[in-house]
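Residue-level structure breakdown
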Amino acid sequence: MQPERLKRIEKTISALGPGEFHFPEIYGADWNELYVGDKVKLGREFMDLVRKGYFAQVRDTGEKKAGGRVYVKDK
């Protein structure tokens, strides 16, 4: 993931309240302009970072709902 994009995602996560979210919600408004393959790649990269503990307050629930994989930001 590009460093500037990663910084924006970190900033968005820090401003996010506790609770569930989907990656497209924090990626940004241009998510819908991406090709499907790019969405898959970026989603996978984010999931890997979450699972490695890169975002201290975020965890992967291992579930999928309407908007895709569900993540949780803890308090």
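In this description, a pair of aromatic rings is defined by centroid distance and the angle of the planes. By the definition in use, this model includes nine aromatic pairs. Measuring from ring centre to ring centre gives 6.5 Å for Phe21 and Phe46, while their planes differ by 65°; the resulting arrangement is edge-to-face. Placement of Phe21 in strand β1 (residues 19-21) and of Phe46 in helix α3 (residues 36-51) is noted, with a sequence separation of 25 residues between them. The burial state of Phe21 is the same as that of Phe46; both residues are buried. Feature note: the residues Phe21, Phe23, Tyr27, Trp31, Phe46, Tyr54, Phe55 and Tyr71 constitute an aromatic cluster, connected by ring pairs. Here Arg5 stacks its cationic end above the ring of Tyr27, 4.0 Å away from the centre of that ring.

Here the focus is the layout of surface pockets. In this structure, the largest pocket encloses a volume near 270 Å³. Lining the largest pocket are 13 residues, and of these Trp31, Lys39, Gly43, Gly68 and Arg69 lie nearest its centre. Breaking the lining of the largest pocket down by element, the ones donating at least two residues are α2 (23-27), α3 and β3 (68-73). With five residues, α3 is the single largest residue contributor to the lining of the largest pocket. Each residue belonging to the lining of the largest pocket can be placed in one class, and the counts come to six nonpolar, three polar and four charged.

Here is what the cut-offs are and how they apply
Residues numbered from 1 in each chain as written. Predicted model: local features only at pLDDT ≥ 70, side-chain atom pairs only at ≥ 80, totals over all residues. Heavy atoms only, no water. Phe/Tyr/Trp six-rings, centres within 6.5 Å; stacked < 30°, edge-to-face > 60°. Helix = DSSP H or I, 4+ residues; strand = E, 2+ residues; numbered from the N terminus. Buried < 20%, exposed > 50% of the residue type's maximum accessible area, 1.4 Å probe, protein only. Lys NZ or Arg CZ within 6 Å of the ring centre and 35° of its normal. 1 Å grid on protein atoms, 1.4 Å probe; cavity = no way out; pocket = protein on both sides within 12 Å on 5 of 7 lines; lining within 4 Å. Points joined across faces, edges and corners; volume = space filled by probe spheres on them. Nonpolar A, V, L, I, M, F, W, Y, C, P; charged D, E, K, R; others polar.

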